[in-house]
Amino acid sequence: MNDIVNGRGLTLVPKSDTKLGMKDFKSDQEVRWCPGCGDYAILAAVQSFVPELGLKRENMVFVSGIGCSSRFPYYMDTYGFHSIHGRAPAIATGLAASRPDLSVWVITGDGDALSIGGNHLIHALRRNVNLNILLFNNRIYGLTKGQYSPTSEIGKITKSTPMGSLDKPFNPISLAIGAEASFVARTIDSDRKHLQSVLREAAEHQGTSLVEIYQNCNIFNDNAFEQLKDPEVRDDITLRLEHGQPIASASKAVRQGPRGLEVVPRASVREEEILVHDIHNPDPSLAFALSRLDEPAFEHVPIGIFRSVDRPSYDALMADQLDQATTDRGPGDLADLLYGGDTWRIG
Amino acid sequence: MAKQVQQLDRVIIRFAGDSGDGMQLTGDRFTAETAEFGNDLSTLPNFPAEIRAPAGTLPGVSSFQLHFADHDILTPGDAPNVLVAMNPAALKANLGDLPRGADIIANTDEFTKRNLSKVGYSVSPIDDDSLSEWRVHAVPLTSLTVRALDGLGISKKDAERAKNMFALGLLSWLYHRPTEATIKFLESKFAKKPDIAKANIVAFQAGWNYGETTESFSVSYEIKPARLAPGIYRNISGNQALAYGLIAASVQSKLPLFLGSYPITPASDILHELSKHKRFGIRTFQAEDEIAGVAAALGASFGGALGVTTTSGPGVLLKAETVGLAVATELPLILVDVQRAGPSTGMPTKTEQTDLLMAMFGRNGESPVPIVAPSTPSDCFHSAIEAARIAVKYRTPVILLSDGYLANGSEPWQLPDVADLPDISTEFASGPNDGENFLPFKRDPATLARPWAVPGTAGLEHRIGGIEKADGTGNISYDPNNHDLMVRLRQAKIDGVDVPDLEVDDPDGDARVLVLGWGSTYGPIAAAARRVRRAGGKVAQAHLRHLNPLPANTGEVLRSYDKVLLPEINLGQLALLLRARFLVDIISYNRVRGLPFKAEELAGVIQDVIESE
């Protein structure tokens, strides 16, 4: 077995000879999101974070689907592919599976990833292709001007749902853990430090990393995540997930109850009763349970890395099979192939 | 007992039975023996989509037809000389195709009251005189097999299952086929079950011996090897040839092959075959759906691989959006469409030529795509290389239109010298192409192809996508004149693809009627043209391999005949294109039965057109 299987996600990506900075990753294209869009903050966070990976710029690729967030690759001075609606994980799978020397990033939104592209997302996650999927979740369709999305809350009044939406939203984290993704995290556009720390872990993870980024659409769904930004309440509702640390907010704590996890006033429990977070737990059940704590929405919201486990990546396993076939039988020879069956000679 | 040996120049045999009776395997083995013997041959497997349809019923009948001869032949034959009917359903389903005087070898053990009533026979047709027009050989295949295997210690069920090998042995005796390879084949196929291997071999030999000793067969037949062009031959099906062609395309282009595919009849065998050849650096990706198959292939192409996706009609529809993206981003991509009967699910195991207009126009916007169509099973090899050549040279998706008839049919293939295969390699962009800048959409003036700059190349970082791009820079552009220019440039690039001229076969040079075809109709059309000529008729024949762009001389060829006849297994799709493009009247002949044309049928149609002059 190839020794990169249990290594880190960037082992095969060549390192830059020179020290690159944020400006090296800014393309010459004018950024065309609405003023005040959360995408700006994420773009700036990514552009200022990627130099520290120390990779060659030309070995980074950003692939996107369709939607506001999917314009992202145009603004990164790397290789980029702005593709079609929902298909970015599939396109990126072909690229990453055939080019282990690339750091491949998928930029997608809640509609792109969870509605039209839901199938590709779950299959990328179960395969564990070496990709980093950044899912910008603004809980609304922006580019088509304001219809409800698969993460909008029930009853959402939008242009397409004047009497309120009827369908229950997806919880992207639950969905990803259900698909047994090997790396699942949630962060928020306004907290650059946290966002960058999650991206760092995601980039180095071997396999598919799914990062849900709460992102504000100030035109069609403004203040969707206001509780998490409001200094009055945010520290009380944010459950910080840190490996090896108790899971708690300023005023609440998570503990194992008789019917699963429960959130209780922090003062009501002893410190040793508080659940200690273990991102490497191979059983996804506890991570899934954590993802359900955000129900009802925004009463308490786990933020951080839910799960990060070692599992061989699809591209590494695929490369192993090619190596194995060549080791066993030697490299392919076309004449041997064509003339190798039952042949006969005439004349 | 000395038996008479009769010389024949050609024979058509059809093996027919339940879909669980192993008729495809029996046919394959007889084909392999025939190929080894050196006859020319052509095969037509015909089977239901259901894996095991209800036993003994008409929908459950599976058949395999083989035409072999001492001269070169072009089709699997119109009407069988011999029908092997393993049960009443197989007899009933195939009797209509059987000319008077043909031989019927019927497995009488299966002609039970129950089996007869399943297909509406109240009396066994073997017992009354309803088969008097044919020569019936009533052979209790099942019980003879069971008796032959007595003492081997295998179950009755396993013994009965070997009856197809008994039939194969009998037919092998009847036509003097070599048997060693079949014995070796059975040994290796059942290597893990030596008792089953033994049972099948004994059944096979018992069938041979039965032929030699029984009174039912007083004559056996010899068909001398065919005098084909000197060379080394192997038997090959269209799907296998296509897979080998893709491997050759990878070797000849020096690009690693990436296949993204989703299983679909009748294309899956290409995925199966390619997945066996990983030591050629081939990556096969069984995707979650048709869309992901083509999307992954396009992603791999972006990374510098030869991206390929294989499917059939329903899958082509699902892939259309990604093919459009490949048109817009101008990346190489090969889409193999093994056409089958539609619309919708249609008849998955039956053949058709009904996807031509979809291949031409089945995308939004002005979205031209080159189309290549192989004409015979072995031509699938060369057509795959040709599709890859165009894709790589012009940075474009190419659609390769095979069909179910080519995919599953087989023929002897004169193997090419690998050294003679075309070099289809290309160069990736390696540096700036506009002063110090790199313009991802600056075109090669000769081909109008854009540079292929793959990730990992320093200094050429760029972004591509489905949004309209400014000429040269590739930046997003909504400029009206730029869009008009780009639409025309993409069209001009495809119109300018270099394709060889259309060749016309007209032995005397004075025919006034041209019969034109494309794709898998080549064999029946050519066989029909031969018949017409043998009968003194004059007909020219031409066959299109490139359907987009058409060869430059197409219009000239069409206009130089009084009449142009175009048989198609659709309702006139190519005829529509040719009429529109060249304002030439075309006489369409269309049958959409899920089966290839018969040579006799087409010969009659050609004759009618000649006589109507």
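The written sequence of each chain sets the order in which its residues are numbered from 1. As a convention, the first chain written is A and the first ligand written is 1, with the rest following in written order. Side-chain atom pairs in this predicted model are given and counted only at pLDDT of 80 or more, local residue features only at pLDDT of at least 70, and totals for whole chains, interfaces and linings cover all residues. For side-chain calculations, the full set of non-hydrogen atoms in the structure is used, while hydrogens and water are omitted.

Draft legend 1. The arrangement of the overall build of chain A in detail. Helix and strand assignments follow DSSP, with helices taken as H or I runs no shorter than four residues and strands as E runs no shorter than two, numbered in order from the N terminus. A tally of regular secondary structure across chain A gives eleven helices and eleven strands. When we talk radius of gyration, it's over C-alpha atoms, and the globule rule is simply 2.2 Å times the number of residues to the 0.38. Radius of gyration (C-alpha) of chain A: 22 Å, near the 20 Å computed for a compact globule of 347 residues. Counting only C-alpha atoms, chain A reaches 90 × 50 × 45 Å along its principal axes. Long-range pairs, those at least 24 residues apart, make up 68% of the contacts in chain A with a sequence separation of at least 6. A total of about 14,200 Å² of accessible surface is found on chain A, and carbon and sulfur atoms cover 51% of it. His residues and chain termini do not enter the charge count, which takes Lys and Arg as positive and Asp and Glu as negative. Every charge is mapped onto a representative atom, which is NZ of Lys, CZ of Arg, CG of Asp or CD of Glu. Seen as two clouds, the 35 positive and the 44 negative side-chain charges of chain A have centres 3 Å apart. Two residues qualify as a contact provided that any one of their heavy atoms is within 4.5 Å of a heavy atom in the partner residue. For the accessible areas, the method is Shrake-Rupley and the probe is 1.4 Å, while residue cover comes only from the protein chains on display.

Draft legend 2. Representation of the domain arrangement of chain A within the structure. Residue and element names in this part refer to chain A. Looking at chain A, the domain boundaries give domain 1 (1–224) and domain 2 (235–312). Domain start and stop points were drawn from an automatic or database domain assignment. Averaged C-alpha coordinates put domain 1 and domain 2 at centres separated by 24 Å. The interface is formed by 27 residues belonging to domain 1 together with 21 residues belonging to domain 2. When domain 1 packs against domain 2, the two sides together hide about 2,100 Å² of surface, and 50% of this comes from carbon and sulfur. Accessible area that two parts lose when put together, with a 1.4 Å probe and added across both, is what the buried area reports. It is Ser-174, Ile-177 and Arg-186 that lose the most area in domain 1 upon contact with domain 2, and together they represent 24% of the buried surface on that side. By salt bridge we mean one thing: a side-chain nitrogen of Lys or Arg within 4 Å of a carboxyl oxygen of Asp or Glu. Between the two partners, domain 1 and domain 2, sit two salt bridges. With a shortest N-O distance of 3.6 Å, Glu-295 and Lys-168 are connected by a salt bridge. Polar contacts, as counted here, are pairs of nitrogen or oxygen atoms within 3.5 Å of one another; within protein the pair requires one atom able to donate a hydrogen and one able to accept it, and residues that are adjacent in sequence qualify only if both atoms are side-chain atoms. Counting the contacts that link domain 1 with domain 2 gives 16 residue pairs in polar contact (both at pLDDT 80 or more). For the side of domain 1 that touches domain 2, the secondary-structure elements that each account for two or more residues are helix H4 (118–127), helix H5 (172–178), strand E5 (183–188) and helix H6 (192–204). Looking at which element gives the most residues to the side of domain 1 that touches domain 2, the answer is E5, with five residues. The residue classification treats Ala, Val, Leu, Ile, Met, Phe, Trp, Tyr, Cys and Pro as nonpolar and Asp, Glu, Lys and Arg as charged. All others, Gly included, are polar. Here the side of domain 1 that touches domain 2 is composed, by residue class, of ten nonpolar, ten polar and seven charged.

Draft legend 3. Spatial organisation of the pairing of strand E11 (residues 283–286) of chain B. Residues and elements named next belong to chain B. Two strands make a pair as long as DSSP finds a minimum of two bridges between them. Inspection of the sheet shows strand E10 (residues 257–261) paired to E11 by four bridges, in the parallel sense. In the strand pairing of E11, Ser-261 is matched with Gln-286. Orienting the strands away from the viewer, one traces the path from the first strand over the helix to the second; a clockwise path indicates a right-handed crossover. Read from E10 through helix H10 (residues 268–275) to E11, the crossover connection turns out right-handed.

Draft legend 4. Spatial organisation of the sheet that holds strand E7 (residues 135–139) of chain B. All names here are of chain B. Taken in spatial order, the six strands line up as E3-E4-E2-E5-E6-E7 in an open sheet, and their pairing is mixed. Of all the strands in the sheet, the pair left with one neighbour each is strand E3 (40–46) and E7. Direction aside, the axes of adjacent strands within the sheet are offset by 15 degrees on average. Sheet topology places strand E2 (residues 10–18) next to strand E5 (residues 82–85); four bridges connect them, and they run parallel. Looking at the pairing, Ile-13 lines up with Val-82 of E5. Helix-sheet contacts for helix H1 (residues 23–37) involve E2, E3 and strand E4 (61–69), and the interaxial angle to E4 is about 10 degrees. Every angle, taken between N-to-C directions, lies between 0 and 180 degrees, and every axis is a line fitted to C-alpha atoms, over only the stretch in contact when it is a helix.

Draft legend 5. Quick look at the interface of chain B and chain A. At the interface, 71 residues of chain B touch 58 residues of chain A. Sorting the residues of chain B by area buried against chain A places Arg279(B), Arg283(B) and Arg463(B) first, and these three jointly supply 16% of that buried surface. Run the count over chain B and chain A and you get three salt bridges. With a closest N to O distance of 3.6 Å, Glu461(B) and Arg57(A) form a salt bridge. Taken together, chain B and chain A are joined by 27 residue pairs in polar contact (both at pLDDT 80 or more). Of all elements in the fold, only H1, strand E9 (231–237), helix H9 (238–253), E11, helix H11 (290–302), helix H12 (313–329), strand E16 (410–414) and strand E17 (463–465) of chain B reach the threshold of two or more residues within the side of chain B that touches chain A. In terms of residue count, the dominant contributor to the side of chain B that touches chain A is H11(B) (eight residues). By residue class, the composition of the side of chain B that touches chain A is 41 nonpolar, 18 polar and twelve charged.

Draft legend 6. Representation of the sheet that holds strand E23 (residues 587–590) of chain B within the structure. With mixed pairing, five strands are arranged side by side in an open sheet as E18-E20-E19-E22-E23 (chain B). The open sheet has two edge strands, strand E18 (504–505) and E23 of chain B, and neither has a second partner.

Draft legend 7. Highlighting the pattern of salt bridges. Counted by the stated rule, this structure contains 41 salt bridges over all chains. Among the ionic pairs, Arg135(B) bridges to Asp103(B), the shortest N-O distance being 3.1 Å. Within this pair, whereas Arg135(B) is found in strand E7, its partner Asp103(B) is found in strand E6 (residues 103–107), the two being separated by 32 residues in sequence. A salt bridge links Arg488(B) to Asp484(B), with the shortest nitrogen-to-oxygen separation between them at 2.8 Å. Highlighted residues: Arg488(B) and Asp484(B), both in helix H16 (residues 480–495), separated by four residues, approximately one helical turn. Here the salt bridges do not stand alone but share partners, grouping Arg255(A), Glu262(A), Arg270(A), Glu272(A) and Glu273(A) into one network.

Draft legend 8. Highlighting the side chain of Thr142(B). Residues and elements named next belong to chain B. Residue placement: Thr-142 occurs in helix H4 (residues 141–148). Among the polar contacts listed, one links the side chain of Thr-142 to the side chain of Asn-107, at a separation of 2.9 Å. In contact with Thr-142, not counting residues within four places along its chain, are Asn-107, Asp-109, Glu-110, Glu-160 and Lys-163.

Draft legend 9. The arrangement of the pairing of E5(A) in detail. All names here are of chain A. Here's how the labels work: a residue is buried when its accessible area is under 20% of the maximum for its type, exposed when over 50%, partly exposed in between, all with a 1.4 Å probe on protein chains only. Extensive coverage of E5 is indicated by the burial of six of its six residues. Every second residue of E5 is oriented toward a common face, with Phe-183, Ala-185 and Thr-187 on one face and Val-184, Arg-186 and Ile-188 on the other, all of them buried. Two strands pair when backbone bridges link them, and E5 and strand E6 (residues 209–214) are joined in this way by six bridges, in the parallel orientation. Pairing of Arg-186 across the sheet is with Glu-212, part of E6. You can see the chain leave E5, run along H6 and come back into E6, and the turn it takes is right-handed. Direction of pairing for E5 relative to strand E10 (residues 301–308): antiparallel, over a ladder of four bridges.

Draft legend 10. Looking closely at the nonpolar core. By convention a nonpolar core is built from buried Ala, Val, Leu, Ile, Met, Phe, Trp, Tyr and Cys residues, the set being connected through side-chain atoms within 4.5 Å. Formed by 115 residues in total, the largest nonpolar core has its most connected members in Val63(A), Phe81(A), Leu246(B), Leu274(B), Leu306(B), Ile334(B) and Phe381(B). Among the elements that take part in this core, helix H14 (residues 379–394) of chain B stands out by supplying ten residues, more than any other. Within the second largest apolar cluster, 51 residues are counted, among which are Ile196(B), Ala199(B), Ile223(B) and Ala226(B).

Draft legend 11. A positive patch on the surface, seen in detail. Patches here: salt-bridge-free residues with over 30% relative accessible area, like charges joined within 9 Å, nonpolar side chains (Val, Leu, Ile, Met, Phe, Trp, Tyr) joined within 5 Å. A cluster of basic residues, Arg52(B), Lys157(B), Arg161(B) and Lys193(B), forms a positive patch on the protein surface. For Arg161(B), a relative accessible area of 55% puts it in the exposed group.

Draft legend 12. How the structure looks around the state of the cysteines. What counts as a disulfide here is a pair of cysteine sulfur atoms lying within 2.5 Å. For the coordinates displayed, the defined rule picks out zero disulfides over all chains. Free cysteine: Cys217(A), not disulfide-bonded; nearest cysteine sulfur from Cys37(A) at 6.4 Å.

Draft legend 13. Structural detail: unusual backbone geometry. Here the residue pair Thr265(B) and Pro266(B) is connected by a cis peptide bond, since its omega of 0 degrees sits within 30 degrees of zero. Position of Pro266(B) among the secondary structure elements: in the loop between E10 and H10. Here the amide bond leading from Asn548(B) into Pro549(B) is cis, since omega sits at -10 degrees, within 30 degrees of zero. Mapped onto the elements of the fold, Pro549(B) is located in the loop between strand E21 (546–548) and helix H18 (554–559). Even without a glycine there, the phi angle at Lys145(A) is positive, about 75 degrees. Tracing the sequence through the fold places Lys145(A) in the loop between strand E4 (131–137) and H5. The backbone of Phe298(A) sits at a positive phi, close to 70 degrees, despite the residue not being glycine. Summarising the element assignment, Phe298(A) is placed in the loop between helix H9 (285–291) and E10.

Draft legend 14. View of helix H6 (residues 163–174) of chain B. All names here are of chain B. By definition here, a helix of n residues has an expected span of 1.5 Å times n minus one. For H6, which comprises twelve residues, the first-to-last C-alpha distance of 17 Å matches the rise-based estimate of 16 Å (1.5 Å per residue) to within 8%. Taken together, the buried positions of H6 are occupied by Lys-163, Asn-164, Met-165, Phe-166, Ala-167, Leu-168, Gly-169, Leu-170, Leu-171, Ser-172, Trp-173 and Leu-174. Once H6 finishes, His-176 follows within two positions and takes phi at roughly 55 degrees, a positive value.

Draft legend 15. Inspection of the packing of helix H7 (residues 180–189) of chain B against helix H8 (residues 194–213) of chain B at higher detail. Residue and element names in this part refer to chain B. H8 packs onto H7 with a crossing angle of 160 degrees between their chain directions and a minimal axis gap of 8 Å. The angle between the axes of H7 and H8 places the two elements in the roughly antiparallel class. Pair H7 / H8 crosses with right-handed handedness. Residues Thr-182, Ile-183, Leu-186 and Glu-187 of H7 form the contact with H8, whose participating residues are Ala-197, Asn-200, Ile-201, Phe-204 and Gln-205. Considered class by class, the residues forming the contact of H7 with H8 number five nonpolar, three polar and one charged. Oblique is the label for every angle not falling under 35 degrees (roughly parallel), over 145 degrees (roughly antiparallel), or within 65 to 115 degrees (roughly perpendicular). In a left-handed crossing the near helix is turned counterclockwise from the far helix by less than a right angle, and in a right-handed crossing that turn is clockwise.

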